Amino acid sequence: MIKAVMMMNTQGKPRLAKFYDYTPVEKQQELIRGVFSVLCSRPENVSNFLEIDSLFGPDSRLVYKHYATLYFVLVFDGSENELAMLDLIQVLVETLDKCFSNVCELDIVFNYSKMHAVLDEIVFGGQVLETSSAEVMKAVEEISKLEAASNSISLVPKSVSGWRGR
């Protein structure tokens, strides 16, 4: 099971953090700081896989990928395959690149709801739902269409709204 998905910049500011087990906010912040301190102290030429039992408990592993100014991090237990999790990060990044045409930190900050929609299509409740970037994009586009349609619905009939102008 996936325990957490995090995206943070190279200064340690979390841009997205989603925990799939109940974790109080103070503990989440402590875990994010702990993960960042581990990541920033690692040289570039070492493995992207870590055992992180000290932070997340026994049988916890972490895989990360560093793209430009962002770290993409997955924390998971022993039931998940490490290479599959690394591939899942790649699927997430590819999907975000399709959504935002070369995703950057500002895209994550200013399109928070779309980020969560993409992540929820890939991982939900700590379980991997979809690994196809094209299928995730279809679902996200459908969600965007539904949101746009619901925003255009007027709750006041035109006959009443025309009455106000008189």
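Rules used throughout
Residues numbered from 1 in each chain as written. Predicted model: local features only at pLDDT ≥ 70, side-chain atom pairs only at ≥ 80, totals over all residues. Heavy atoms only, no water. UniProt positions renumbered as here; feature names shortened; annotations may be inferred. Phe/Tyr/Trp six-rings, centres within 6.5 Å; stacked < 30°, edge-to-face > 60°. Helix = DSSP H or I, 4+ residues; strand = E, 2+ residues; numbered from the N terminus. Buried < 20%, exposed > 50% of the residue type's maximum accessible area, 1.4 Å probe, protein only. Patch = residues over 30% accessible without salt bridge, like charges linked within 9 Å, V, L, I, M, F, W, Y side chains within 5 Å. Areas by Shrake-Rupley, 256 points an atom, 1.4 Å probe, with all protein chains shown as cover. Salt bridge = Lys/Arg side-chain N within 4 Å of Asp/Glu carboxyl O. Core = buried A, V, L, I, M, F, W, Y, C linked by side-chain atoms within 4.5 Å. Contact = heavy atoms within 4.5 Å. Lys, Arg positive; Asp, Glu negative; His and termini not counted. Polar contact = N/O pair within 3.5 Å; in protein donor to acceptor, adjacent residues only side chain to side chain. Pairing = 2+ DSSP bridges. Expected span 1.5 Å × (residues − 1). Arc of directions from axis to C-beta.

The name an unreviewed UniProt entry gives the chain is AP complex subunit sigma, with Camelina sativa as the organism. As recorded by UniProt, the Sequence similarities (unreviewed entry) comment attached to the chain reads in full: "Belongs to the adaptor complexes small subunit family."

Chemist: Looking at this model, I keep getting lost on the packing of aromatic side chains. Mind explaining?
Modeler: Aromatic ring pairs are reported here in terms of the distance separating the ring centres and the angle at which the planes meet. On inspection of all chains with the given rule, the structure shows three aromatic pairs. A centroid spacing of 6.4 Å and a plane angle of 75° characterise the contact between Phe-36 and Tyr-71, whose relative ring orientation is edge-to-face. Residue Phe-36 is found in helix H1 (residues 25-40), and its partner Tyr-71 is found in strand E5 (residues 70-77); the two are separated by 35 residues along the sequence. For Tyr-71, a relative accessible area of 8% puts it in the buried group.

Chemist: Please clarify how a nonpolar patch on the surface should be interpreted in this entry.
Modeler: A cluster of nonpolar side chains, Leu-106, Val-109 and Phe-110, forms an exposed patch at the surface whose accessible area comes to about 320 Å². Secondary-structure assignment places Val-109 in helix H4 (residues 105-110).

Chemist: For this particular structure, what's the right way to read the UniProt feature "domain: AP complex mu/sigma subunit" (unreviewed entry) in the chain?
Modeler: Under the UniProt annotation, "domain: AP complex mu/sigma subunit" (unreviewed entry) lies at residues 1-146. Measuring from the first to the last C-alpha atom of residues 1-146 gives 30 Å, for a span that is 48% helix and 25% strand.

Chemist: Quick question: what am I supposed to make of the nonpolar core here?
Modeler: Soluble globular proteins tend to pack their nonpolar side chains together in the buried interior. Core analysis: the biggest nonpolar cluster contains 29 residues, and Ile-2, Met-7, Phe-72, Leu-74, Leu-96, Val-118 and Ile-122 have the highest contact counts within it. Elements supplying a minimum of two residues to this core: strand E1 (2-9), E5, helix H3 (82-100), helix H5 (112-122) and helix H6 (133-152). When residues no more than four places from it in sequence are discounted, the contact partners of Ile-122 are Leu-88, Val-91, Leu-92, Thr-95, Gln-127, Val-128, Leu-129, Glu-130 and Val-136.

Chemist: Explain the side chain of Asp-77 here, please?
Modeler: In this fold, Asp-77 is placed in strand E5. For the buried residue Asp-77, which engages in no salt bridge, the nearest side chain bearing the opposite charge is Lys-3, 5.9 Å off. From its side chain, Asp-77 meets the backbone nitrogen of Met-1 in a polar contact 2.6 Å long. Excluding residues within four positions of it along the chain, Asp-77 makes contact with Met-1, Lys-3 and Asp-59.

Chemist: Explain unusual backbone geometry here, please?
Modeler: With the exception of glycine, the majority of residues adopt a negative phi angle, and the majority of peptide bonds are in the trans configuration. Phi is positive for Ala-68, close to 50°, though the residue is something other than glycine. Residue classification places Ala-68 among the exposed residues on the basis of a relative accessible area of 72%. You will see that Asn-102, though not glycine, has its phi angle at about 70°, which is positive. Its place among the elements puts Asn-102 in the loop between H3 and H4.

Chemist: I tried to follow the pairing of strand E2 (residues 14-19) on my own but got confused; where do I start?
Modeler: Put simply, side chains in a regular strand alternate between the two faces of the sheet. The sheet contact formed by E1 and E2 spans five bridges and is antiparallel. Opposite Val-5, over in E2, you have Lys-18 as the bridge partner. Here E1 hands over to E2 after four residues, with Gly-12 in that stretch at a positive phi of 95°.

Chemist: I would appreciate a short explanation of H6 in the present structure.
Modeler: Because an α-helix completes one turn every 3.6 residues, residues spaced three or four positions apart along the sequence face the same direction. Helix length check: H6, at 20 residues, gives a terminal C-alpha distance of 29 Å against a target of 28 Å (1.5 Å per residue), a fit within 8%. Listing the buried residues of H6 in full gives Ser-133, Val-136, Met-137, Ala-139 and Val-140. Projected onto a plane normal to the axis of H6, the buried residues spread over an arc of 165° and lie on a single side. Across from the buried face of H6, at angles greater than 90 degrees, the exposed residues are Lys-138, Lys-145, Leu-146 and Ser-152. Buried positions along H6 lie against H3 and H5.

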